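Structure at a glance
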Amino acid sequence: IQKLKCSSELIRCYQYLEQTSRSFAAVIQELHPELKDVICIYYLVLRGLDTVEDDMTLEIKYKKEVLETFYEKLYIRGWSFADSGPNEEDAPLLIEFDVVITEFLNLKKEYQDVIAKITREMGMGMSKYTTKKVNTVEDWNEYCHYVAGLVGIGLSQLFVASGLEPSGIEKLEALSNSMGLFLQKTNIIRDVFEDVIDDRRFWPIEVWSKHVNLVGDLINDKYLTQGVNCLNELCLNAIEHIPDVLDYLSQIHDRTIFSFCAIPQTMAIATITLCLNNPKVMSENVKIRKTEAIRVMKQKIAPTDAVFLKKLDILEKNVQLKTGPSMANSKYEYVRGFETFE
Ligand SMILES: CC(C)(C)CN1C(=O)[C@@H](CC(=O)N[C@@H](CC(=O)O)C(=O)O)O[C@H](c2cccc3ccccc23)c2cc(Cl)ccc21
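Everything in this summary refers to the structure shown in the same document. Because the structure is predicted, anything quoted here is derived from the model rather than measured. (Residues numbered from 1 in each chain as written. Predicted model: local features only at pLDDT ≥ 70, side-chain atom pairs only at ≥ 80, totals over all residues. Heavy atoms only, no water.)

**Side note on helix H9 (residues 173-190)**
- A rise of 1.5 Å per residue sets the reference length of H9, with its 18 residues, at 26 Å; its end C-alpha atoms lie 26 Å apart and thus fit the reference within 8%.
- The buried fraction of H9 is high, at 14 of 18 residues. (Helix = DSSP H or I, 4+ residues; strand = E, 2+ residues; numbered from the N terminus. Expected span 1.5 Å × (residues − 1). Buried < 20%, exposed > 50% of the residue type's maximum accessible area, 1.4 Å probe, protein only.)

**Observations concerning the packing of helix H1 (residues 8-20) against helix H2 (residues 22-29)**
- At a minimum axis distance of 6 Å, the contact between H1 and H2 shows a crossing angle of 135°. Comparing their axes, H2 and H1 come out oblique. Along the contact surface, H1 presents Tyr14, Leu17, Glu18 and Thr20, while H2 presents Arg22, Ala25, Ile28 and Gln29.
- Looking at the contact of H1 with H2 residue by residue, the classes come out as four nonpolar, two polar and two charged. (Axes fitted to C-alpha atoms, helices over the stretch in contact; angles between N-to-C directions. Parallel < 35°, antiparallel > 145°, perpendicular 65-115°, else oblique. Contact = heavy atoms within 4.5 Å. Nonpolar A, V, L, I, M, F, W, Y, C, P; charged D, E, K, R; others polar.)

**Some words on the environment of Val212**
- Secondary-structure assignment places Val212 in the loop between helix H11 (205-208) and helix H12 (224-239).
- The exposure class of Val212 is buried, given its relative accessible area of 4%.
- Spatially, the C-alpha atoms of Val212 and Tyr223 are 7.6 Å apart, while their sequence positions differ by 11 residues.
- The residues touching Val212, leaving out its near neighbours within four places in the chain, are Asp217, Leu218, Tyr223 and Gln226.

**Overview of empty space enclosed by the protein**
- Applying the stated criterion across every chain, the model contains one cavity of 30 Å³ or more.
- As a volume, the largest cavity reaches approximately 60 Å³.
- Lining the largest cavity, in full, are Ile188, Val192, Asp195, Val196, Arg200, Arg201, Phe202, Trp203, Trp208, Val215 and Leu218.
- If you tally residues by element for the lining of the largest cavity, the top one is helix H10 (residues 192-197), at three residues.
- Split by residue class, the lining of the largest cavity holds eight nonpolar, no polar and three charged. (1 Å grid on protein atoms, 1.4 Å probe; cavity = no way out; pocket = protein on both sides within 12 Å on 5 of 7 lines; lining within 4 Å. Points joined across faces, edges and corners; volume = space filled by probe spheres on them.)

**A short note on the site of the ligand**
- The immediate surroundings of the ligand are formed by 18 residues, with Ser21, Ser23, Tyr43, Gly152 and Gln184 found nearest.
- Interatomic distance of 3.3 Å between a side-chain N/O atom of Ser21 and an oxygen atom of the ligand.
- Out of a free accessible area of 750 Å², the ligand has 80% covered by protein chains.
- Those elements that provide at least two residues to the shell around the ligand are H2, helix H3 (33-54), helix H8 (137-161), H9 and helix H14 (255-275).
- Element by element, the count of residues in the shell around the ligand is highest for H8, at five residues.
- Residue composition of the shell around the ligand, grouped by class: 13 nonpolar, five polar and no charged. (Near = heavy atom within 4 Å. Polar contact = N/O pair within 3.5 Å; in protein donor to acceptor, adjacent residues only side chain to side chain. Areas by Shrake-Rupley, 256 points an atom, 1.4 Å probe, with all protein chains shown as cover.)

**Examining the nonpolar core**
- Of all hydrophobic cores here, the largest spans 104 residues; its most connected members are Phe97, Trp203 and Phe260.
- No other element matches H8, which puts 13 residues into this core. (Core = buried A, V, L, I, M, F, W, Y, C linked by side-chain atoms within 4.5 Å.)

**Details of the packing of aromatic side chains**
- On inspection of all chains with the given rule, the structure shows 12 aromatic pairs.
- A ring pair is formed by Tyr129 and Tyr143, whose centres lie 5.4 Å apart and whose planes are at 65°; its orientation type is edge-to-face. In this pair, Tyr129 sits in the loop between helix H7 (109-128) and H8 while Tyr143 sits in helix H8, placing the two residues 14 residues apart along the sequence.
- We classify Tyr129 as buried; its relative accessible area is 9%. (Phe/Tyr/Trp six-rings, centres within 6.5 Å; stacked < 30°, edge-to-face > 60°.)

**Here we look at the environment of Ile101**
- You can see Ile101 is positioned in helix H6 (residues 97-104).
- Overall, Ile101 belongs to the buried group, its relative accessible area being 0%.
- Along the primary structure Ile101 and Arg190 are separated by 89 residues, whereas in three dimensions their C-alpha atoms are 33 Å apart.
- Excluding its chain neighbours within four sequence positions, the residues that come into contact with Ile101 are Lys73, Leu74, Ile76, Arg77 and Trp79.

**What about the pattern of salt bridges?**
- Summed over all chains, the structure comprises 10 salt bridges.
- A salt bridge links Lys109 to Asp113; the shortest N-O distance between them is 2.8 Å. Residue Lys109 and its partner Asp113 are located together in helix H7, separated by four residues, close to a single helical turn.
- Two residues, Arg190 and Asp191, come together in a salt bridge whose shortest N-O distance is 2.8 Å.
- For Asp191, a relative accessible area of 16% translates into the label buried. (Salt bridge = Lys/Arg side-chain N within 4 Å of Asp/Glu carboxyl O.)

**Observations concerning the packing of H2 against H14**
- Where H2 meets H14, the axes come as close as 9 Å, and the angle between the chain directions of the two elements is 160°. As the angle between them shows, H2 and H14 are arranged roughly antiparallel. H14 is crossed by H2, and the crossing has right-handed handedness. Residue-level contacts link Phe24, Val27 and Ile28 of H2 to Ser259, Phe260, Ile263 and Pro264 of H14.
- Here the contact of H2 with H14 is composed, by residue class, of six nonpolar, one polar and no charged. (Left-handed = near helix turned anticlockwise from the far one by under 90°.)

Take a look at the structure:
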């Protein structure tokens, strides 16, 4: 059996991964052994940065400094951050961030360089938008580039660095960026009700101010028609990224990387389909079912090339199996299922 090099810190990292997003944690754990730990650490670093960005209790000047220098902390053994507000969901991750740093410094230097570079650029962008509003659609694209597009650009570089994907993929920065923009725009559109209640502003002002006078009117049922018209305008903007998403996915060779990339995109396609022209979005947080998501991908997108459709068939079986009663068997089935991939 391959000697399991699993330090206590690495086990702790996977525990945090499970806590932060259970379903996505399962997808990360199915990744090829060469990438699994790299992406786990990458995800936790980004989660740490996101926790600082989301924290409205931090004094602005201090918050900007933490965001802009976060990438340097990756090289300071023992560093952690205990200034998060009490309600910050992932504050414990930052309190134990020294564990993430220990494992980050165990990664190959090439992986460390990619993660540190993305973290630096993302921190700069988040700092900029701490004191700048999302006014135009261009601002919306720039903000989403910083918080999600960069994640995709980093992932493509990590896939190539692992040797599992040919070196073409990291040259497709625009496609990698679109992968992130589609996920982030879909989340922002779906979460509008919660965000307006929490006094968070992610819908571009230039767009909603064509439909209502005050952002609060978006979730006021008196202006439901205007709200839904604004919703549709943003949904169509997000949907414009789907051809790039399909183009990127069609160029992935490794079956575990395909699954890692395709599952969140499939959920997002089902989510945007559910949001389009749906008044419920203006009064609650609408949610999709996983298997429904993959059916949507197969039917609505109906990709021409048979290989892609076959990939989706295997994906559908695996997602169904994963939600089956006993994880153990479905896990085995999951691996077997991919044997027929070639
Ligand atoms: C903001 C975001 C979209 C980048 C967050 N993001 C994702 O949304 C996760 C999915 C996720 O976390 N889903 C949650 C639900 C949710 O939180 O909405 C779940 O529980 O299923 O996927 C993305 C992600 C996965 C695969 C390829 C990507 C390419 C470009 C950009 C992001 C890509 C992600 C990959 C990494 Cl490494 C880090 C973060 C993310």
